[in-house]
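Structural overview for review
Given next are the chains, with one letter for each unit.
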Amino acid sequence: MNNTKYKSITIVHCRRFNIGGEDVALERIALNVRSASLLVRPFHNSRIISTLKFLFSPWYFIYVLRNPTSRHVICNPFPDVSILSIILLRIFSVKLRLYVHNFSFSCLANTHYRNDRPCFKSTQAGLKCFRLECNKTATHFLLNSLRNYLFNKVFLNGRNNKIYFVGSYQARLAKSVQPRVGKYIKVGNIL
Amino acid sequence: MIEVAYIGRNSPGKGVELIFESLALVYRNDMRVHFFTDYLDNNLCESLDVQVTQHGWISPEEVWLVNFDFVLIPMVAPETFSFILHESVKNNKGIIVNGCNESLTSQIIDGGIFFSSATSLSQILNNLSKNDSSVAKGRLYNKKTLWERLN
């Protein structure tokens, strides 16, 4: 699949609990780019099922193989784009792109914001800042850690995979804490 | 009448409280501030010298049909990509930006009016005139779109 000429772009996005900037951005892309299609997966209430799906669901792997002429972009992978799928797609040498609209590469809480003030402790500590209080609950903390570390690690292990950052500032912060984020593309003005 | 707008959610990190802190120090009645946001404290709005118009949530297309010259972007929390910043520039509005927020300032090549605190914002608003709109119009880094990147 390495030499595939892409005819379209397919963005898969698992919706979070709150609608935010990334949802708006993706809708704009799908609206303005004729060849782009957006597949929004619904929010799941069950954390146990979500976590199991995130680890072992083959759905994304099958979905990508069924659409070989499309460039596949992942926004929020949790829970439908599983670790297993990413590993399998790596074996099949499928090029994937991760669209990052938040600070998930340089902050566990995705925001660099705490107690009404900007917070860069995670970047100063080289992403060794495991503060439970940045997350709503311990489960959120565990799921955030799982998503940010496990998914990013597996994704970046794929030689063909690249990341789209929406801002240079965000990319710089990500690179400062995760030197493996070498293969990124600045998407910039997506409007 | 100087028309200024704030567009966005009223949640921690967005800087709405910073706007109200500065508006308390703005002593002019020829200024109207449009808020395109959710709930605002009516008592707080009425206590100000400037006129406040609450539009609530309206569609993005309708926002730009309302007459205003400047957009306040007081964002305190770091932001990866500010739609309001980009849309304001696209719609030819002057931008008044929190200069302490590197995530915002790093997107601007030139133009724009910057403030560093509620006090400096109040000074800017006290002295703001229609003529400043050309200075306030910003230019952003024009990177390729996602689709251009893919092709």
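Predicted, not measured: the structure shown is a model, and the values here were computed from it.

**So, the overall build of chain A**
- Summing up its helical and strand segments, chain A has seven helices and eight strands in all.
- For chain A, whose C-alpha radius of gyration is 16 Å, the value lies close to the compact-globule estimate of 16 Å for 191 residues.
- Out of the 191 residues belonging to chain A, those deemed buried represent 37%.
- The long-range fraction of contacts in chain A, counting pairs at least 24 apart against all pairs at least 6 apart in sequence, stands at 72%.

**Observations concerning the environment of B:E3**
All names here are of chain B.
- Assignment of secondary structure puts E3 in strand β1 (residues 2-7).
- Note: C-alpha distance between E3 and L140 (137 residues apart in sequence) is 23 Å.
- In this structure, E3 is in contact with R32, H34, N67, F68 and D69, ignoring residues within four places of it in sequence.

**With respect to the packing of helix α1 (residues 16-23) of chain B against helix α6 (residues 118-127) of chain B**
Residues and elements named next belong to chain B.
- In contact at an axis separation of 8 Å, α1 and α6 are set at 60° when each is read in the N-to-C sense. As the angle between them shows, α1 and α6 are arranged oblique. Of the two possible hands of crossing, α1 and α6 adopt the one that is right-handed. Packed against α1, whose contacting residues are L18, E21 and S22, the element α6 presents A118, L121, S122 and L125 at the interface.
- For the contact of α1 with α6, the residue count by class is four nonpolar, two polar and one charged.

**Concerning unusual backbone geometry**
Residue and element names in this part refer to chain A.
- Note the cis peptide between F78 and P79, where omega equals 10°.
- Structurally, P79 is set in the loop between β3 (70-74) and α4 (83-91).
- Positive phi values are uncommon outside glycine, yet S93 reaches one of about 55°.
- Along the chain, S93 turns up in the loop between α4 and β4 (96-100).
- Positioned with a positive phi, N110 is a non-glycine residue whose angle comes to about 70°.

**Here we look at the nonpolar core**
- A:I11, A:I74, A:L98, A:Y99, A:V100 and A:F165 are the most contacted members of the largest nonpolar core, which has 42 residues in total.
- Beyond its immediate stretch of four places on either side in the chain, A:Y99 contacts A:I11, A:V73, A:I74, A:C75 and A:Y164.
- Judged by nonpolar contacts, the second largest core, of 35 residues, contains B:V26, B:M31, B:V33 and B:V89.

**So, the packing of α4(A) against helix α6 (residues 138-157) of chain A**
All names here are of chain A.
- At their nearest, the axes of α4 and α6 sit 9 Å apart, and the two run at 5° to each other. Judged by the angle between their axes, α4 and α6 are roughly parallel. Seen from α4, the contacting residues are I83, I86, I87 and R90; seen from α6, they are L150, F151, V154, F155 and N157.

**What about the sheet that holds strand β5 (residues 94-98) of chain B?**
Residues and elements named next belong to chain B.
- Strand order in the open sheet made by the six strands is β3-β2-β1-β4-β5-β7, with parallel pairing throughout. Either end of the sheet is taken by a strand with one partner, and the two such strands are β3 (51-54) and β7 (113-115). With direction set aside, neighbouring strand axes in the sheet form an average angle of 25°.
- Here helix α4 (residues 83-90) sits on the sheet and contacts β1, β4 (70-73) and β5; the angle it forms with β4, its principal contact strand, is near 165°.
- The sheet contacts of α6 involve β2 (31-36), β5 and β7, and relative to β7 the element is tilted by about 145°.

**Quick notes on the environment of A:R97**
Residue and element names in this part refer to chain A.
- Within the secondary structure, R97 sits in strand β4.
- Expressed as a C-alpha distance, the spacing of R97 and H72, which sit 25 residues apart in the sequence, is 6.3 Å.
- Among all residues touching R97, those that are not within four sequence positions of it are R71, H72, V73, K162 and Y164.

**A closer look at the confidence of the model for chain B**
- Per-residue confidence for chain B gives a mean pLDDT of 89; residues scoring 70 or more make up 93%.
- Overall fold confidence for the complex sits at a pTM of 0.84, while the interface term, ipTM, reaches 0.80.

**Thoughts on α4(A)**
Residues and elements named next belong to chain A.
- Buried within α4 we find S85, I86 and L89. Along the axis of α4, the buried positions cluster into a sector of 100°, meaning they face one direction only.
- As for α4, its buried residues are in contact with α3 (59-66), β4 and α6.
- After α4 finishes, the residue S93 shows a positive phi value of roughly 55°.

About the thresholds
Residues numbered from 1 in each chain as written. Chains lettered and ligands numbered in written order. Predicted model: local features only at pLDDT ≥ 70, side-chain atom pairs only at ≥ 80, totals over all residues. Helix = DSSP H or I, 4+ residues; strand = E, 2+ residues; numbered from the N terminus. Rg over C-alpha atoms; globule rule 2.2 N^0.38 Å. Buried ≥ 20, exposed ≤ 12 C-beta atoms within 10 Å, placed from the backbone. Contact = placed C-beta atoms within 7 Å. Axes fitted to C-alpha atoms, helices over the stretch in contact; angles between N-to-C directions. Parallel < 35°, antiparallel > 145°, perpendicular 65-115°, else oblique. Left-handed = near helix turned anticlockwise from the far one by under 90°. Nonpolar A, V, L, I, M, F, W, Y, C, P; charged D, E, K, R; others polar. Core = buried A, V, L, I, M, F, W, Y, C linked by C-beta atoms within 7 Å. Pairing = 2+ DSSP bridges. pLDDT = per-residue confidence, 0-100. Arc of directions from axis to C-beta.

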